[in-house]
Each structure stands twice: as structure tokens, then as C-alpha cells.
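# A structural walkthrough
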Amino acid sequence: MARSILFAALLLTVLIAGASGGYPSSAAKSRSTRAMPGSPTFVISGRGWGHGVGMAQWGAYGFAQHGASYEDILTHYYRGTTLGPAPLSKVRVFLAQGRSTLSLGSNAPYTVRDGIGQTWHLAAGTQTFGPGLKIRTTDVQQPQRLPAPLTFIPGGSPLRFGSTAYRGQLQVSVANGALRAVNLVGLEAYLYGVVPSEMPKDWLPEALKAQAVAARSYALAVRKTGSWFDLYPDTRSQVYLGIAHEAPTTTAAVQATAGQIVLYGGKVATTYFFSSSGGRTASAPEVFPSSPATPYLVSVSDPYDTISPHHRWGPFVVSASRLRRTLGARGALSDVTLELGPSGRVETITGVGAQREATMKGWDFRRALGLDSTWFRVGVLSLGNPQAPVTYGTRVSIDGVARSLPSVRLDRRQPGTAWQAVGPIAPGPGGSVVIKAKPKVPTDYRLVSGAVRSRVAHVSVAPLVRFHGMPNASTLRGYARPLFPGASAALQRSNGGGWRTVARATVDANGDFEAHVSLTPGDYRFRLAPGHGFVPGVSPTLKVGPA
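Note that the structure is a prediction, hence the values are computed from the model and not measured. (Residues numbered from 1 in each chain as written. Predicted model: local features only at pLDDT ≥ 70, side-chain atom pairs only at ≥ 80, totals over all residues. Heavy atoms only, no water.)

Glancing now at the overall build of the protein chain. In terms of regular secondary structure, the protein chain is built from 9 helices and 42 strands. Computed over the C-alpha atoms, the radius of gyration of the protein chain is 38 Å, more than 25% above the 24 Å expected from 2.2 N^0.38 for a compact globule of 547 residues. Residue pairs in contact within the protein chain that sit at least 24 positions apart in sequence constitute 69% of those at least 6 positions apart. Summing over all exposed atoms, the protein chain offers an accessible surface of approximately 24,400 Å²; the carbon and sulfur share of this is 51%. Distance between charge centroids for the protein chain: 10 Å, based on 55 positive and 27 negative side chains. (Helix = DSSP H or I, 4+ residues; strand = E, 2+ residues; numbered from the N terminus. Rg over C-alpha atoms; globule rule 2.2 N^0.38 Å. Contact = heavy atoms within 4.5 Å. Areas by Shrake-Rupley, 256 points an atom, 1.4 Å probe, with all protein chains shown as cover. Lys, Arg positive; Asp, Glu negative; His and termini not counted. Charge placed at Lys NZ, Arg CZ, Asp CG, Glu CD.)

Shown next as C-alpha cells:
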């Protein structure tokens with residue numbers, strides 16, 4: 001009989017704060033213990049990859065798969081724009097700055113033009129030089145110190161800067177005693193190295209053409225004016241990897257759209273692009289608040305982004321301590337709140353610490369945690385632990401939170417058993433959850449959403465212990481529930497500062513027991529520590545007066 005106690009059925013109801021549905025509450029009324037939410041489990045999930053403004057490349061690919069032309073793709077993402085001719089044909093791409101030496105060369109003879117316009121002939125091979133610009137030429141026997149800037153011009157083979165081959169020319173100058181270099185290259189030849197670096201070369205031609213026009217437009221829109229170079233070769237402008245990265249498909253896309261750029265109001269448009277939108281792009285002011293008015297960069301639906309592997313990402317667990325450090329909150333982190341922009345991306349995130357809240361921009365939070373985008377949500381799962389054991393036959397209320405997570409359910413685990421699903425949870429406003437349970441054995445609870453689990457809330461159960469019958473001068477009787485036949489119940493008397501055992505009784509098969517003692521006036525109680533995972537239970541105090 002005692003063994004069956006451990007596997008007794010669990011009477012459990014789940015109440016959802018502020019919401020209907022779930023499990024109905026029991027009509028039975030009993031004294032309850034309340035447990036407030038415990039240490040939360042934070043879960044981050046999101047959509048898309050990149051800043052979210054302009055053309056989403058995966059979405060463009062999806063449009064191409066559905067028969068859209070590159071013109072259609074561009075007008076979808078850049079509203080109210082037209083196509084027109086590019087106003088210039090060459091750009092200067094940053095290669096190096098602050099160097100003490102540079103190495104460049106070619107597999108064929110080439111030339112260099114110095115700062116006063118004189119041309120010098122160079123043999124095939126590599127030139128390595130410092131700020132003195134001493135160059136080995138085939139025109140004279142000794143290396144010549146040439147006046148800056150030096151413009152290296154290819155012969156029958158492209159020029160190499162370091163180990164990377166580039167189209168066009170290389171220009172070297174000296175600033176503050178150090179070397180710097182740019183690639184002087186035609187706009188179209190520049191795009192040969194950009195388009196395959198920004199979009200997979202095996203994508204459909206119309207998507208590649210859209211990328212070519214967007215990249216050409218972006219290069220002209222963001223190029224530096226009044227500087228010694230126009231563009232960076234990386235994401236500060238756009239990625240440019242030189243000849244080795246070129247591909248026939250992307251070169252064909254550049255050639256098919258030669259000279260075309262995106263215009264708005266007759267001016268070149270800043271054609272931002274990025275990888276994956278998650279289903280909707282963002283407007284420029286939402287992501288770049290300080291940017292000038294850009295009415296063509298509005299938030300638009302992106303129906304074909306569903307093909308992107310980054311359309312949805314996560315969920316993954318982030319520890320409360322890491323979130324607290326990232327956000328700068330002080331004290332234990334109990335929650336986070338988000339302020340969303342019109343497209344659903346996070347503008348600010350606030351960590352709620354026990355001692356201080358702290359807020360940071362969604363963009364900074366994305367960078368700090370390495371998230372794919374600012375379109376993210378922070379889900380929360382938490383359950384509280386009761387501050388005191390539950391007496392057998394009484395009810396416990398466990399407060400929790402289940403927010404921004406799909407398909408949340410409640411699990412339970414009793415001694416000697418595996419976790420079992422109890423049922424689904426329908427969180428109320430703010431994700432609030434209240435679980436009302438009447439456990440007959442010590443029980444663990446947790447909230448689960450997919451592979452994410454809250455911390456375990458353990459409910460300790462104490463046996464119900466009571467006096468019964470009329471006491472006499474030598475006997476006190478009691479009973480306990482559930483049944484623990486053979487367990488020892490201690491009769492204790494208060495000594496003012498604690499309790500002293502004065503007699504013991506054995507619990508019978510009906511749960512009854514009696515202790516024999518010579519009673520004197522004072523306070524008495526029964527205490528039962530049955531084991532089996534139960535915590536000790538005590539009876540209410542019995543006061544014995546003088547005869």
C-alpha cells in the first residue's frame with residue numbers, strides 16, 4: 001500500500017490568467033500555497049538576415065523564379081523609381097592605407113606613370129617598395145625614385161596587388177610618410193567583381209541583373225567625394241573580390257544592364273540591398289533614422305522570401321546572466337520588453353533587473369549577440385517554486401510566464417517516473433500563466449515549447465497529520481494521509497524554544513496511530529517524516545491544560 005502512494009494520481013488543473021480555455025478549475029475549495037515566477041529561461045527567435053532596407057536578395061530570387069523581370073524586381077523594392085544612364089564610368093576602390101611597404105606586379109611586362117606624367121617600363125614580376133617609391137625599371141639599370149602618385153598600367157596580363165588580381169590600374173601615393181593604394185577601374189569591370197561577391201552566381205539571370213543594377217547604383221550613390229578613394233572593397237561599401245571571383249553568369253548580367261542605374265526624381269537612388277527580409281522589408285527611417293528623406297525606401301511585403309534559409313531562425317536559449325550583462329541591467333534579470341518599429345523590427349530592448357532597468361537599441365543588441373537581424377523576439381518561459389511545502393490534500397498555485405513562444409505545454413514528473421505531458425497552455429495577457437495543482441506526491445513541473453524548457457518548479461508535499469478522538473491522561477491519537485503503514489509518528493512537546501519528542505507511535509494500515517505518554521499541561525504536536533520523497537508533516541498544536 002505504501003509503495004502505491006508514490007504513484008498516486010495527480011489532481012491537476014491549469015488556470016490561465018485573464019484568458020479562457022485550457023483546463024477548468026476544480027470547484028473544490030481548499031487552502032492553497034502560491035508560487036511566484038522563478039528564474040526565467042530566455043529564448044530568442046527571429047526572421048530575415050541583414051538590415052532590412054531596400055532589395056531583399058532572396059526575395060528577388062523568388063520573384064525571378066515566378067517570372068518577374070529585373071525591372072519589375074527593382075520597382076517592387078525601390079518604389080517610384082525609374083532606370084537611367086550612369087553619370088560616370090570609373091571608380092577608385094580602396095586597397096591599402098598606412099603601409100610601410102607594398103607589393104604589386106603582373107605576369108606580363110607592364111608600365112608605371114609617375115606624378116609628372118613620365119612613363120616607365122617594368123618587367124614581368126613583382127615590385128616591392130616603400131614610401132621612397134624606388135622602382136626597378138627596364139629603362140635604366142638602377143632603381144629610380146619616382147615622384148608620386150604612381151599609376152601602374154597593365155600590359156598583356158592583369159595587375160596583382162599582393163596575391164589578388166584586379167582589372168584596371170593600380171595607383172599608389174604617399175600620405176604622412178606611409179603608402180596607400182587604390183584600384184582605378186571602370187564601373188562595369190568593377191561590377192564584374194562585385195555581383196558574384198554579393199549574390200550567388202548560379203541564381204536566375206533576372207535576379208542577377210537586378211543585383212547588377214542595384215550594385216551599380218549603390219556604388220555611385222555612396223561613393224566618397226573629395227577623398228582619395230571612392231569606395232571600400234567590403235561591406236562598408238559593397239564586397240569587391242577582384243578577377244578571381246568573377247563568373248560568366250554575373251558578368252553577363254552586368255553586360256546585359258550596362259550603364260543602367262536606379263533613379264528617383266532624376267537623381268541616383270541609394271539602392272540598399274541585403275540578404276533576407278523575413279517577409280517584409282523595413283523603411284529607411286526605421287533602420288537609419290539620420291538618413292535623408294528616401295520616399296522610395298519604404299516597407300514592402302516580400303512574399304517570396306519564404307525560400308530563404310534565413311526566413312525564420314532560432315529559437316535558441318540565451319542565459320539570463322548573458323542578457324543582463326549585454327543590456328547593462330542591474331540585479332537578477334526577470335524580464336525583457338521590446339519596442340517595435342512599423343515593420344516589426346526591434347527599435348529598443350529593455351532588460352528588467354531587480355535593481356535597475358536598462359535599454360539599448362535593437363541594432364546594438366543584434367550586433368552584441370550576433371543575431372541575423374533586428375526582427376527578433378525574446379520569448380520567456382518561467383515557473384516559480386513554492387516557498388513552503390504543500391500539505392497533502394491542499395492546492396498550490398504556481399505563477400509563470402510563457403511569452404512569444406509557440407505551442408507551450410505543461411509537463412510533470414513524479415518520483416520514479418519520466419516526464420509526462422499534461423496538456424497545452426494558452427497564456428493570457430503578457431504571457432501570464434497560473435497553474436493550479438493538487439499534487440498527492442512530490443512533483444516537478446516545467447513549461448515546454450519545442451526544444452525549449454523552463455527551469456523545473458518542484459512542489460514538495462508534506463503528509464496531512466491531525467489529532468483525533470478525545471485525549472486522556474495517558475494517550476493521544478492521530479491519523480495521517482496519505483497512508484504510510486509502519487511509519488513512526490513522533491509526539492512532541494514544546495519546551496519554549498523548540499520541540500522535544502516525548503513518545504512515538506506506529507502508523508497502522510488505516511493511517512491511525514496513538515502515543516502513550518503521561519500528559520502534563522503544555523503544547524503538543526505529532527510529527528511524521530515518512531520518507532518516499534515527502535517532507536515531514538506536522539499536526540496543528542494541541543494545548544493540554546491542567547486537570
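Another aspect to go through is the sheet that holds strand S10 (residues 125-129). Strand order in this open sheet of 4 strands is S10-S7-S14-S15, and the pairing throughout is antiparallel. A single partner strand is all that each edge strand has here, and the edge strands are S10 and strand S15 (164-166). Across this sheet, the average inter-strand angle for adjacent strands is 30°, counted without regard to direction. Alignment of strand S7 (residues 102-106) against strand S14 (residues 159-161), held across 3 bridges, turns out to be antiparallel. Counterpart to Leu 104 in the pairing with S14 is Phe 161. (Pairing = 2+ DSSP bridges. Axes fitted to C-alpha atoms, helices over the stretch in contact; angles between N-to-C directions.)

A few words on the sheet that holds strand S35 (residues 464-467). Taken in spatial order, the 3 strands of this open sheet run S35-S36-S39, and their pairing is antiparallel. In this open sheet, the two edge strands, each paired with only one partner strand, are S35 and strand S39 (512-516). Each neighbouring strand pair of the sheet contributes to a mean axis angle of 25°, computed without reference to strand direction. Taken together, the 5 bridges between strand S36 (residues 475-481) and S39 define a ladder with antiparallel strand orientation. Considered in S39, the bridge of Leu 476 is made with Ala 515.

The next point concerns the packing of helix H5 (residues 205-222) against helix H6 (residues 248-256). Running from N to C, H5 and H6 point in directions that differ by 65°, and their axes come no closer than 8 Å. Crossing of H5 over H6 shows right-handed handedness. Packed against H5, whose contacting residues are Leu 208, Lys 209, Ala 212 and Arg 216, the element H6 presents Thr 249, Thr 250, Ala 253, Val 254 and Ala 256 at the interface. Here the contact of H5 with H6 is built from residues that sort into 5 nonpolar, 2 polar and 2 charged. (Left-handed = near helix turned anticlockwise from the far one by under 90°. Nonpolar A, V, L, I, M, F, W, Y, C, P; charged D, E, K, R; others polar.)

The next subject is the nonpolar core. One recurring pattern in soluble globular proteins: nonpolar side chains tend to sit buried together. Counting 40 residues, the largest nonpolar core has Leu 102, Leu 104, Phe 129, Phe 152, Phe 161, Val 172 and Tyr 190 as its most contacted members. It is helix H4 (residues 187-198) that provides the largest number of residues to this core, a total of 7 residues. The contacts of Leu 104, once residues within four sequence positions are left out, are Tyr 110, Gly 125, Thr 126, Gln 127, Phe 129, Phe 152, Arg 160, Phe 161, Leu 170 and Val 172. Of all hydrophobic cores here, the second largest spans 34 residues; its members include Phe 63, Ala 64, Ala 282 and Val 287. (Core = buried A, V, L, I, M, F, W, Y, C linked by side-chain atoms within 4.5 Å. Buried < 20%, exposed > 50% of the residue type's maximum accessible area, 1.4 Å probe, protein only.)

Attention shifts here to helix H2 (residues 57-65). The buried fraction of H2 amounts to 8 of the 9 residues, a majority that puts the element mostly inside the structure. When H2 is considered as a whole, its buried residues turn out to be Gln 57, Trp 58, Gly 59, Ala 60, Tyr 61, Gly 62, Phe 63 and Ala 64. Here the buried face of H2 lies against strand S4 (55-56), helix H3 (70-77), H4, H5 and strand S20 (273-274). Gly 67 lies just past H2 and shows a positive phi near 90°.

What follows covers the pairing of strand S30 (residues 432-438). Counting buried residues in S30 gives 5 out of 7 residues, a clear majority hidden from the surface. Where strand S27 (residues 395-403) meets S30, 6 bridges bridge the pair, whose relative direction is antiparallel. Within the sheet, the bridge partner assigned to Val 401 lies in S30 and is Ser 432.

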